[in-house]
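An overview of the molecular structure
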Amino acid sequence: MNPIPAVAPFAEIDPPARLLMGPGPINAHPRVLRAMSAQLLGQFDPEFTGYMNETMALYRQVFQTGNRWTFLVDGTARAGIEAALVSLLEPGDPIVILSAGRFGLLLSEIAERCGAEISVVAAEWGQAIPFSAIEEAVARVKPCVVAAVFGDTSTTIAQPMDGIGRLCARHGALLYVDATATLGGMDVPVDEWGADIVTAGLQKCLAGPSGSAPITISERAAARIDGRRHVEKGIASGGDRPGAGRRIASNYFDLAMLMDYWSERRLNHHTEASTMLYGARECARLVVEEGLERRIARHLLNGQAMARGLEAMGLTLFGDQANKMHNVVGIEIPAGVNGERVRAAMREEFQIEIGSSFGALAGRIWRIGTMGYNCRKDAVLTTLGALEAVLRGEGVDVRSGAAVDAARARYAEG
Ligand SMILES: *Cc1c(COP(=O)(O)O)cnc(C)c1O
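Residues numbered from 1 in each chain as written. Predicted model: local features only at pLDDT ≥ 70, side-chain atom pairs only at ≥ 80, totals over all residues. Heavy atoms only, no water.

If you look the chain up in an unreviewed UniProt entry, it shows as Alanine--glyoxylate aminotransferase family protein from Endosaccharibacter trunci. Its UniProt record gives the chain a comment under Sequence similarities (unreviewed entry), which states: "Belongs to the class-V pyridoxal-phosphate-dependent aminotransferase family." Among the UniProt annotations of the chain, the heading Cofactor (unreviewed entry) holds the following wording: "pyridoxal 5'-phosphate". (UniProt positions renumbered as here; feature names shortened; annotations may be inferred.)

Okay, here's the thing in structure tokens:
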């Protein structure tokens, strides 16, 4: 046997007061943190199941949907993506994936594990995918599922969703959308889009921590999933018939079982992550209280102020600005500047975190978010002022004060 090394008890967690202005996670709203410090309840306690029902009702507002099946998957945003795809796809099913960034690649990675026949409609990172290319692929492939990312934070581009739902309905395909980075910050009208499953996470515009994945499921998608229903032994008390289809390959992410758990029958599956549910519920309460329209306008205003400030500094914004997300901006790292040194100085001297990016964009762009709790004028102005100082320190020719002035001018326009 190996000896167990002795360990000091370490200090209580006491994180530094950072301002998280990257592409997520961002600082949680204090109300969300307070909700998450509440005491636990048993998962079938009527008070707790009441909170579950309230959470479903609140997220119907956030997703702008009448979908009965609107609830939480326990896990980070990726858990929602995986639950959707593994519950929809059987081996050999054709899927069309819209891919123009890291999270488009993730859809392919998961669909491949499901054994699906993948057709990718791609665009260069930083560009949106033209509708004509999507139309052509769907007509040619006749997929069971079309999967898209609305707001790929890796590139800061929001794929236009107009017409995709109708296209899918015309060809008998279900539409899945990853709205992790946009829900609560941009317009995500699930029913109007005709999207069948949409998933998200809390750590972007919803102002919470990662660890809970809100999901909404149309009747059409629920019927397909129900056809793959598998009845777990020792759980149901008679009358439960398995569906005729091949059972879903994952137990934890089996949406048929999760729907049973969130239904009035409360068929036991996992133990609901109570603390995450408290947090997710508070995130949605904040959205409903503020009003979606006002919240989206706030994200647009602060995102524009940030972008104006960066441009006034003489920096070049990355990607197709006509399709830029409201809540994240990409900036090309000026030639000769060490991007990681700038990020380190921002963090060490100003306690501000900004992001880098992935793959081909690693070392090429920074990403700055204005999301959720940090989607505020003071956070924008402080970040611009700090970045200007750091860049000047790195020898970049930046006109002093221009960034903050330009952002303030945008706020003055209202
Ligand atoms: C941030 C982000 C995710 C994150 O997934 P996690 O599992 O919560 O890390 C997924 N999809 C998109 C589009 C994102 O922007």
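Once you've had a look at it, read on.
A separate point is a negative patch on the surface. Together, Asp-162, Asp-187, Asp-191, Glu-192 and Glu-293 line one region of the surface with negative charge. With respect to the helices, strands and loops of the structure, Asp-162 is situated in the loop between β5 (145-149) and α6 (164-170). (Patch = residues over 30% accessible without salt bridge, like charges linked within 9 Å, V, L, I, M, F, W, Y side chains within 5 Å. Areas by Shrake-Rupley, 256 points an atom, 1.4 Å probe, with all protein chains shown as cover. Salt bridge = Lys/Arg side-chain N within 4 Å of Asp/Glu carboxyl O. Lys, Arg positive; Asp, Glu negative; His and termini not counted. Charge placed at Lys NZ, Arg CZ, Asp CG, Glu CD. Helix = DSSP H or I, 4+ residues; strand = E, 2+ residues; numbered from the N terminus.)

What follows covers the layout of surface pockets. As a volume, the largest pocket reaches approximately 450 Å³. Every residue lining the largest pocket is counted, 30 residues in all, and those nearest its centre are Gly-24, Arg-102, Phe-103, Gln-203 and Lys-204. When residues of the lining of the largest pocket are traced back to their parent elements, those giving at least two are α3 (77-88), α4 (102-113), α12 (339-350) and β10 (352-353). Looking at the lining of the largest pocket residue by residue, the class counts come to 12 nonpolar, 10 polar and 8 charged. Each of domain 1 (30-288) and domain 2 (291-413) accounts for three or more of the residues forming the lining of the largest pocket. (1 Å grid on protein atoms, 1.4 Å probe; cavity = no way out; pocket = protein on both sides within 12 Å on 5 of 7 lines; lining within 4 Å. Points joined across faces, edges and corners; volume = space filled by probe spheres on them. Nonpolar A, V, L, I, M, F, W, Y, C, P; charged D, E, K, R; others polar. Domains from an automatic or database assignment.)

Tracing the backbone through its elements, the reader meets Phe-48 in helix α2 (residues 46-62). Taking the C-alpha atoms as reference points, Phe-48 and Gln-304, 256 residues apart in sequence, are found 41 Å from one another. Other than its neighbours up to four places away in sequence, Phe-48 contacts Leu-41, Gly-42, Gln-43, Glu-272, Ser-274, Leu-277 and Tyr-278. (Contact = heavy atoms within 4.5 Å.)

Another aspect to go through is the site of the ligand. Taken together, Thr-76, Ala-77, Arg-78, Phe-103, Val-149, Gly-151, Thr-153, Asp-178, Thr-180, Ala-181, Gln-203 and Lys-204 form the complete shell of residues around the ligand. Here an oxygen atom of the ligand sits 3.0 Å away from a polar atom, N or O, in the main chain of Ala-77. Asp-178 is positioned such that a nitrogen or oxygen atom in its side chain is 2.7 Å from a nitrogen atom of the ligand. Taken by itself the ligand offers 390 Å² of open surface, and the protein chains cover 87% of this. More than half of the atoms belonging to the ligand lie within 2 Å of the grid points that define the largest pocket. Looking at the shell around the ligand residue by residue, the classes come out as 4 nonpolar, 5 polar and 3 charged. (Near = heavy atom within 4 Å. Polar contact = N/O pair within 3.5 Å; in protein donor to acceptor, adjacent residues only side chain to side chain. Sits in = over half its atoms within 2 Å of the grid points.)

Another point: the domain arrangement of the chain. When the parts come together, some accessible area is lost, and that loss is often what is quoted as the size of the interface. Its domain assignment divides the chain into domain 1 (30-288) and domain 2 (291-413). Averaged C-alpha coordinates put domain 1 and domain 2 at centres separated by 30 Å. Taken together, the contact pairs 31 residues of domain 1 with 24 residues of domain 2. The contact between domain 1 and domain 2 buries some 2200 Å² in all, and 64% of this surface belongs to carbon and sulfur atoms. Put simply, domain 1 and domain 2 have 0 salt bridges between them. Counting every contact that joins domain 1 to domain 2 gives 10 residue pairs in polar contact (both at pLDDT 80 or more). Of all the secondary-structure elements, those providing two or more residues to the side of domain 1 that touches domain 2 are α2 and α10 (274-290). When residues in the side of domain 1 that touches domain 2 are grouped by element, the largest group, 3 residues, is from α10. (Buried area = accessible area lost by both parts, 1.4 Å probe.)

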